[in-house]
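# Report on the structure
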Amino acid sequence: MNNKTRNNSNNKIKNKINTTRPSLHKKSFNTFHYTGFNTTNDKIPKLNYINIVNPTTLTRNVTCDNSRSFKMNVDDELRYSYLVDYIYNYYYDSNVIIYTTDEKKDSATIDYISKLFANAADRTGIPKTVSVFSQKTDFNSGYSKYIIETRTNVIISLAATYPHVLDHLTRLNKYSKDGRIVLFGNESWTSMELDNSYLNNTNFHFIGNKYIDYHDADVKRFVKAFSDKYFSEPNSSQYAYLGYDTFFYYLNMLYYFGYDFPEYVSDVYYEGLESSLYFAPAKKSYGFENYFQNIYEIDDYSYKVSQNTGYFWKSCATDLKSLIMMNSNR
C-alpha cells in the first residue's frame, strides 16, 4: 500500500473516532458456547445480524453465511501459502523435503503444498524439486537419500504428536552440524518438552499468530495481575491469554468505532499477549479471517520474529495499542 492509501486509511480512522464513542454496557458483548463450530449448522445463519467471534477452531465453516463472523485462528491453507512464498524469497536455491508420519493421512496437505511450489515455480521461473520423507517407509534409510550436502535443506515437518516430533528432531540433528538444515514445524512444538539443542541445531522455525514472549513488559504485568487475583499463573492451554486478547481487541474496536466496527477491521492490527490479529474479508467463506502471520525462529536458544518476515499489514493499517494511547486523554 502506498503512502496516499495509508493516509486515506488514517483519515478514515480519525474521522470515525471523532464522531463515535458508544457507551458500553452488559448487552454490548455476549458470550455463548456452541459445540458445532466444526460443521455447518443452520443455527448460525439466523445470527447474521450480530457479531460472532470464533477464537479457537481452524475451520472456515464456522463463518457459514454470517457476514459478521470473525475467525481468529489462521488456517493451514493460509499458513502454507505464506510459507512457500517465504521459502522462495529467502531460500530459493534450497532443497525442499516434506516430512510426514503418515503419507496417506497427510496426502491432501502434501498435495496442497506441492501445488503451491508448482505455482510458485510457474510464477518465478525457478523450478524446485519437492521430496516427501515418510516416517513409515523411510524409517530405516533415514534422510541420507534426501539430504543434499551442498545446498540448504528446507524441511517442512507435518509431525504433530510429541513422540513423532521427538523422533524427527533426533533424526535431523545428525545432519545439522554444517548448518544447512532449516526446519519448519508447528507452533504447538513450543509447548512440548523438547531438547532445545536439537531445535537450535536444526534452525527451527514456525509460522503462526500465537506466541507468548515472557520477557515482554505487558505479559509480565498480566502475569502479576492474574497471579494476584487468582493465586496462580495464567495458563495458555486454559485460554487465559486468548481470553484477554479476544476481549481487549473486540471491546476496544467496539469502543472506538461503534457497532459498525467490522467496516474498520482491515484498518487496524493488534499484537497481543499471545495472539496477533489483522482481519480482512474471508476468501472462501463469509465474514472475516485473521491474516496476521509471523515466522518465528530459534536463535541462540531463544525465539524471535524472523528478521526476514514482511509486515504487509503494518504498512496499511494502524496499531490498535498506539491508537488507544493517542486517544486516551480525549
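It should be noted that the structure appears before, not after, this text.
Residues numbered from 1 in each chain as written. Predicted model: local features only at pLDDT ≥ 70, side-chain atom pairs only at ≥ 80, totals over all residues. Heavy atoms only, no water.

## Structural notes on the overall build of the protein chain
Along its length, the protein chain carries eight helices and 14 strands. A burial count over the protein chain gives 46% of its 330 residues as buried. For the protein chain, long-range pairs separated by at least 24 residues make up 65% of all intrachain contacts whose partners lie at least 6 apart in sequence. Accessible surface, the protein chain as shown: approximately 17,500 Å² in total, 49% of it carbon and sulfur. (Helix = DSSP H or I, 4+ residues; strand = E, 2+ residues; numbered from the N terminus. Buried < 20%, exposed > 50% of the residue type's maximum accessible area, 1.4 Å probe, protein only. Contact = heavy atoms within 4.5 Å. Areas by Shrake-Rupley, 256 points an atom, 1.4 Å probe, with all protein chains shown as cover.)

## Looking at the sheet that holds strand β13 (residues 302–305)
Taken in spatial order, the seven strands of this open sheet run β4-β3-β5-β6-β7-β12-β13, and their pairing is mixed. A strand with exactly one partner marks an edge of an open sheet, and here the two such strands are β4 (130–134) and β13. Taking each pair of neighbouring strands and ignoring which way they run, the sheet shows an average axis angle of 25 degrees. In this fold helix α3 (residues 107–124) packs onto β3 (95–100), β4 and β5 (153–157), with an angle of close to 170 degrees to the strand it touches most, β3. Its contacts with the sheet place helix α4 (residues 162–173) against β3, β4, β5 and β6 (181–185), and it is angled at close to 170 degrees to β6. (Pairing = 2+ DSSP bridges. Axes fitted to C-alpha atoms, helices over the stretch in contact; angles between N-to-C directions.)

## A look at the packing of helix α7 (residues 240–257) against helix α8 (residues 320–327)
Relative orientation of the contacting elements α7 and α8 amounts to 45 degrees, with a least axis distance of 11 Å. In this view, α7 runs oblique relative to α8, as classed from their interaxial angle. In this structure, α7 meets α8 at a crossing whose hand is left-handed. Of the residues in α8, those touching α7 at Phe-248, Tyr-249, Asn-252, Met-253, Tyr-256 and Phe-257 are Leu-320, Lys-321, Leu-323, Ile-324 and Asn-327. (Parallel < 35°, antiparallel > 145°, perpendicular 65-115°, else oblique. Left-handed = near helix turned anticlockwise from the far one by under 90°.)

## A look at the packing of aromatic side chains
Summed over all chains, the structure comprises 35 aromatic pairs. An angle of 80 degrees between the planes, with centres 6.1 Å apart, marks the rings of Tyr-86 and Phe-184 as edge-to-face. Placement of the pair is Tyr-86 in helix α2 (residues 76–90) and Phe-184 in strand β6, with a sequence separation of 98 residues. Residue classification places Tyr-86 among the buried positions, given a relative accessible area of 3%. (Phe/Tyr/Trp six-rings, centres within 6.5 Å; stacked < 30°, edge-to-face > 60°.)

## With respect to the nonpolar core
Ile-87, Ile-113, Phe-117, Ile-156 and Phe-184 are the most contacted members of the largest nonpolar core, which totals 23 residues. Elements with a contribution of two residues or more to this core: α2, β3, α3, β5 and β6. Here the element with the most residues in this core is α2; it accounts for seven residues. Beyond its immediate chain neighbours, meaning those up to four positions away, Ile-113 contacts Tyr-80, Val-84, Ile-98, Ile-156 and Leu-158. Judged by nonpolar contacts, the second largest core, of 21 residues, contains Tyr-99, Ile-147, Leu-172 and Met-192. (Core = buried A, V, L, I, M, F, W, Y, C linked by side-chain atoms within 4.5 Å.)

## Concerning the pairing of strand β8 (residues 268–271)
Pairing of β8 with strand β14 (residues 318–319), which is carried by two bridges, proceeds in the parallel orientation. Residue pairing across strands places Val-268 opposite Thr-318, the latter belonging to β14. Note that β8 and strand β9 (residues 276–277) share two bridges and pair antiparallel. Residue Tyr-270 lies in a different strand from β9, and its bridge partner there is Leu-277. Count of turn residues in the β8/β9 antiparallel hairpin: four residues.

## Points about the pattern of salt bridges
The final tally for this structure, using the stated rule, is nine salt bridges. A salt bridge links Asp-218 to Lys-321; the nearest nitrogen and oxygen atoms lie 3.8 Å apart. One end of the pair, Asp-218, is in helix α6 (residues 217–230); the other, Lys-321, is in helix α8, with 103 residues separating them in the sequence. For Asp-218, a relative accessible area of 29% gives the class partly exposed. A single network of salt bridges, built from pairs that share partners, joins Asp-76, Arg-79 and Glu-187. (Salt bridge = Lys/Arg side-chain N within 4 Å of Asp/Glu carboxyl O.)

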